[in-house]
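Structural overview
Chain by chain, the residues:
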Amino acid sequence: MSDVLYTVYLYGKKYQVPSSLTIMEAMEYCGYQLVRGCGCRNGFCGACATIYRIEGERELKGCLACQTKVEDKMYVATLPFFPLVKQVYDMEKIKPTEQIMMQLYPEIYSCIGCNACTKSCTQSLDVMQYIAYAQRGEYEKCAEESFDCVMCGVCSARCPAGISHPQVAELARRLYGKYIQPESEHLVNRVKEIEDGGFQKLMEDIMGKPLEEMKELYNSREIEK
């Protein structure tokens with residue numbers, strides 16, 4: 001049985017698309033090529049941020065086009081850019097203090113608690129909560145709460161305080177990874193082995209193999225449980 005056809009509006013134009021498609025697939029079905037900036041289309045994950053509204057409903061919703069199914073009478077527009085503030089800093093010089101967040105991202109202390117960021121998150125993260133952790137310098141909690149962030153920026157687009165939530169979370173995860181998380185001894189040893197050239201010949205042998213043989217080695221590899 002063939003799919004039911006839904007009516008969707010892409011950038012203001014009306015189309016009929018199969019109901020089984022995601023928004024991204026529907027756009028491609030209608031002739032749009034989403035290559036630049038989309039993770040599953042040779043770009044990076046989180047770049048297919050999309051807003052939509054269903055005819056007759058008042059709510060404007062945010063989502064990722066790659067993981068959201070089309071709905072009938074859906075009005076769609078992708079959002080290729082958000083004015084996120086990305087501060088430049090040297091991880092060797094900054095420390096996991098509450099002051100560093102105040103210095104680099106002071107706008108987080110202007111949060112009015114409206115929770116628009118959480119409501120709009122495409123990953124259903126508790127965004128306002130991890131910003132609260134960042135405000136208090138609780139970087140381990142902020143890193144954990146924001147771990148699944150794909151940096152799409154929809155939360156920032158809805159924020160009246162102009163907070164760059166993904167960049168704040170990224171800084172927290174970096175601080176946690178460098179200064180707070182316990183050092184992994186086996187990882188340190190493996191890095192040392194790599195730096196000493198212990199895997200050079202192995203890599204050269206692998207890179208010298210035909211592509212099909214490399215694929216077979218990858219597909220049949222032993223996966224640690």
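In what follows, the structure referred to is the one given above.
These lines cover the structure that appears in this document, whether it is placed above or below. (Residues numbered from 1 in each chain as written. Predicted model: local features only at pLDDT ≥ 70, side-chain atom pairs only at ≥ 80, totals over all residues. Heavy atoms only, no water.)

Another point: the pairing of strand β5 (residues 74-78). In terms of strand pairing, strand β1 (residues 5-10) meets β5 through three bridges, oriented parallel. Of the residues in β5, the one forming a bridge with Val8 is Met74. Note: strand β3 (residues 49-54) against β5, five bridges, orientation antiparallel. Considered in β5, the bridge of Arg53 is made with Tyr75. (Pairing = 2+ DSSP bridges. Helix = DSSP H or I, 4+ residues; strand = E, 2+ residues; numbered from the N terminus.)

With that settled, consider the packing of aromatic side chains. Two aromatic rings, taken as a pair, are described by how far apart their centres are and by the angle between their planes. Tallying each qualifying case throughout the model produces three aromatic pairs. Seen from their ring centres, Tyr9 and Tyr75 are 4.1 Å apart, and the 5° between their planes marks the pair as stacked. With Tyr9 in strand β1 and Tyr75 in strand β5, this pair connects stretches of sequence that are 66 residues apart. Judged by its relative accessible area of 15%, Tyr9 falls in the buried class. A ring pair is formed by Tyr15 and Tyr32, whose centres lie 6.1 Å apart and whose planes are at 80°; its orientation type is edge-to-face. Of this pair, Tyr15 sits in strand β2 (residues 13-18) while Tyr32 sits in the loop between α1 (23-29) and β3; the two residues are 17 residues apart in sequence, bridging distant segments of the chain. Taken together, the aromatic side chains of Tyr11, Tyr15 and Tyr32 make up a single cluster linked through ring pairs. For the cation-ring pair, Lys178 lies above Tyr179, with the distance from its terminal atom to the ring centre recorded as 5.5 Å. Just above the ring of Tyr218 sits the side chain of Arg221; from NZ or CZ to the centre is 3.9 Å. (Phe/Tyr/Trp six-rings, centres within 6.5 Å; stacked < 30°, edge-to-face > 60°. Buried < 20%, exposed > 50% of the residue type's maximum accessible area, 1.4 Å probe, protein only. Lys NZ or Arg CZ within 6 Å of the ring centre and 35° of its normal.)

What follows deals with the pairing of β2. As paired elements, β1 and β2 share six bridges and run antiparallel to each other. Of the residues in β2, the one forming a bridge with Leu5 is Pro18. In this antiparallel pair of consecutive strands, β1 and β2, the connection spans two residues, and Tyr11 shows a positive phi of 55°.

You can see Ala169 is positioned in helix α7 (residues 165-180). Taking relative accessible area as the criterion, Ala169 reaches 0% and is therefore assigned buried. In this structure the C-alpha to C-alpha distance between Ala169 and Ile51, which are 118 residues apart in sequence, comes to 23 Å. In contact with Ala169, not counting residues within four places along its chain, are Tyr130, Cys142 and Ser146. (Contact = heavy atoms within 4.5 Å.)

A few words now on the environment of Asp126. Along the chain, the position of Asp126 falls in the loop between α3 (116-120) and α4 (127-135). Considered as a pair, Asp126 and Glu98 are 28 residues apart in the sequence and their alpha carbons are 21 Å apart.

A few words on the pattern of salt bridges. It is possible for side chains of opposite charge to pair when their charged atoms get near one another. Under the definition given, this model contains 10 salt bridges. A salt bridge links Glu170 to Arg174, with the shortest nitrogen-to-oxygen separation between them at 3.7 Å. Here Glu170 pairs with Arg174, and both are found in helix α7, just four residues apart, close to one helical turn. Using a relative accessible area of 18% as the deciding quantity, one classes Glu170 as buried. Taken together, the salt bridges that share partners define one network made up of Arg136, Glu138 and Lys141. (Salt bridge = Lys/Arg side-chain N within 4 Å of Asp/Glu carboxyl O.)

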